[in-house]
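Here's the letter readout for the chains.
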Amino acid sequence: MTAFSSRIPAMDVLRGCAVMGILWMNIAAFALPEQAYFSPAAAGPLSTGDIAFWTVGFLAADGKMRALFSMLFGASMLLLIDKEEMAGRDGRRAQIIRAAWLFVFGLAHYLLLWWGDILMIYALVGLAALLFVRKEPLALVKWAFLFFLVHFLVCVAFIGTLYAWGHAAGAPDAAASVSAGFTNFIGSLTDPAHPAIRSEYMTYRGGYAGIVLHHIALFGGQWLTTLPFVTFDTLGFMLLGMAMLKGGFLTARWQAEQYWRTARHCFLIGLIPMAALAAWIISSRFAPLATLGSVLAWSFPFRIPLAVGWAALILWLFTRHRDAPFTARIAAVGRLALSNYLGSSLIMCAIFYGWGFGLFGHVPHRLLPPLVIAAWALMLIWSPLWQRRFALGPAEWLWRSLAHGKTQKIRNSD
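Everything quoted here is computed from the prediction, not taken from an experiment.

About the cut-offs
Numbering of residues begins from 1 in every chain and follows the order in which that chain's sequence is written. Per-residue local features are limited, in this predicted model, to residues with pLDDT of at least 70; the limit for side-chain atom pairs, both in listing and counting, is 80 or more; totals at the level of whole chains, interfaces and linings are taken over all residues. Side-chain measures were taken over the full set of non-hydrogen atoms in the model, leaving aside hydrogen atoms and water. Each helix is a run of DSSP H or I of at least 4 residues and each strand a run of E of at least 2, with the numbering of both proceeding from the N terminus. Polar contacts here mean pairs of N or O atoms no more than 3.5 Å apart (in protein, one a potential hydrogen donor and the other a potential acceptor; neighbouring residues in sequence count only if both atoms are side-chain atoms). In this analysis, two residues are considered to be in contact whenever any of their non-hydrogen atoms come within 4.5 Å of each other. Space inside and on the surface of the protein is sampled on a 1 Å grid over the protein atoms alone, with a cavity defined as a set of points where a 1.4 Å probe fits but cannot get out and a pocket as an open set with protein on both sides within 12 Å along at least 5 of 7 lines; lining residues have an atom within 4 Å of a point. Grid points are joined across faces, edges and corners, and a volume is the space filled by probe spheres set on the points. The nonpolar class holds Ala, Val, Leu, Ile, Met, Phe, Trp, Tyr, Cys and Pro. Asp, Glu, Lys and Arg form the charged class, and all remaining residues, Gly among them, are polar. Multiply 1.5 Å by the residue count of a helix minus one, and that product is the helix's expected span. Bend is computed residue by residue as the angle between axes fitted to the seven residues ending at the residue and the seven residues starting at it. Each residue is placed in one exposure class: buried if its accessible area under a 1.4 Å probe, protein chains only, is under 20% of its type's maximum, exposed if it is over 50%, and partly exposed if it falls in between. Confidence of the predictor at the level of single residues is given by pLDDT, which spans 0 to 100. Only one rule defines a salt bridge in this text: a Lys or Arg side-chain nitrogen within 4 Å of an Asp or Glu carboxyl oxygen.

> Would you explain the side chain of Asp 233 in this entry?
Topologically, Asp 233 is positioned in helix α11 (residues 222-246). At 2.8 Å, the side chain of Asp 233 and the side chain of Arg 66 are in polar contact. Beyond its immediate stretch of four places on either side in the chain, Asp 233 contacts Arg 66, Phe 148, His 151 and Phe 300.

Structure, rendered in structure tokens:
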């Protein structure tokens, strides 16, 4: 295995951009009912500003930032295994222990703060990715696209089932239970007065204990049912990240012009069909099956080039502005990615949930960008300040200490 530095500035910058970009999509899930994450119409009548916010997220962030984060996670697995093996230790064992503790972090995040956790997914899928760490870049790419195909087929099968359900419900001789079930499902995506949506308003505007109990109930059912829709694409992007690390892409070893050409081609391939999907959804007035189908399935083939395009664009900028102060700030955000990810959840839950300021459901989509920008500014300010005195972020330090079974150095001066 090729020896890599355990701290790669280009990857820190990518990770910083990813953790900030993820918040653009996640904030709707903090501020509004879960259904509004997939269909903004579930939050009520939409203004031009609301649609504009959704469109930007759909085109630029939805699935792409998580994909970028997944690629970096896969690459980081190789770095950890390489570092452990160079020190004479078992790299796979170290990764398994880290994954176990990451799952614990994610479970606590899910139950105590927010239902949209991705850490548990990374912990579980990362174990499967261990099977591929010795493969060459081309083999990794082939396996990645095989898992992408599986993910796409799973999503298409689900959406196809919904269309069949709707067709059956609309038939003249449809059973009352079939029609009622489909009507109830559609209502949960479009009607702000639907009982499921009203229940979320009551839960998240209520006390902390009620929210935790709700999350416990979700974990026992909903979280498990979502695994097929996030497992295969996450694994594919992890393997793609491994290939990109081994090929020098993620370490900024390519020429600036190569990154620019890659970004340009990827955005041309991905943005045009994504814009067509967005136009279709908007023209349908966010029809439930059109919106859900596009978010889950029809947009997925274009997320792949767009995720690579984002990575290439960021690395192109990095190669041109490697020593800029702002680049150093983004890299600091990336070095504290876990702390920033969990910290974002804590702050956003405090803003929107009943145990905090209780703004859940009161802030429409169009007013969410200022909160995102304020959170980005906070990340860019506190991360460099923290790193002046501390070698690790608070969450990173706890994770590493637990994984090693002993307290790790945290102060730079120690």
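> When you look at the layout of surface pockets in this model, what are you seeing that I'm missing?
Vacant regions in the atomic arrangement are exposed by a probe of water-molecule size rolled over the atoms. One number sums up the size of the largest pocket: a volume of about 1300 Å³. Lining the largest pocket are 44 residues, and of these Glu 34, Tyr 37, Phe 38, Trp 115 and Thr 226 sit closest to its centre. Among the elements that make up the lining of the largest pocket, the one with the highest residue count is α11 (seven residues). When the residues that make up the lining of the largest pocket are grouped by side-chain class, the tally is 24 nonpolar, 14 polar and six charged. Size it by volume and the second largest pocket reaches roughly 920 Å³. No other element matches the nine residues that helix α4 (residues 64-86) contributes to the lining of the second largest pocket.

> Even after reading the chapter, I still don't get helix α12 (residues 256-283), so can you show me in this structure?
In an α-helix there are 3.6 residues to a turn, and that puts residues three or four apart on one side. The end-to-end C-alpha distance of α12 is 39 Å, a good match for the 40 Å that 28 residues give at a rise of 1.5 Å each. Of all bends in α12, the biggest is about 25 degrees, found at Phe 267. Of the positions making up α12, those classed as buried are Tyr 259, Thr 262, Ala 263, Cys 266, Phe 267, Gly 270, Met 274, Leu 277, Ala 278 and Ile 281. Elements that come into contact with the buried residues of α12 comprise α3 (48-61), α4, α13 (288-298) and α14 (300-320). Among the residues trailing α12, Arg 285 stands out with phi positive, at a value near 60 degrees.

> Teacher, can you tell me more about unusual backbone geometry here?
Trans peptide bonds make up the majority, and among non-glycine residues the majority have a negative phi. Unlike most non-glycine residues, Arg 285 shows phi in positive territory, near 60 degrees. Residue position: Arg 285 is located in the loop between α12 and α13.

> Quick question: what am I supposed to make of the confidence of the model for the protein chain here?
Close inspection of predicted coordinates is inappropriate in any region flagged by low pLDDT. Per-chain confidence: the protein chain averages 92 in pLDDT, with 98% of residues scoring 70 or above. Scored below 50 in pLDDT, residues 1-5 shows 14 contacts in the model against residues more than four places distant or in partner chains.

> Got a minute to help me understand the pattern of salt bridges in this structure?
As a working rule, side chains carrying opposite charge can pair if their charged atoms are close by. Applying the stated criterion to the full structure yields eight salt bridges. Asp 50 is the partner of Arg 366 in a salt bridge, and the nearest nitrogen-oxygen pair spans 3.1 Å. Highlighted residues: Arg 366 in the loop between α16 (337-352) and α17 (369-389) and Asp 50 in helix α3, separated in sequence by 316 residues. A salt bridge links Glu 257 to Arg 261, with the nearest nitrogen and oxygen atoms 3.9 Å apart. Here the residue Glu 257 and the residue Arg 261 both occupy positions in helix α12, the gap between them amounting to four residues, near one helical turn. Each of Asp 12, Arg 15 and Arg 335 takes part in a single network of salt bridges with overlapping partners.

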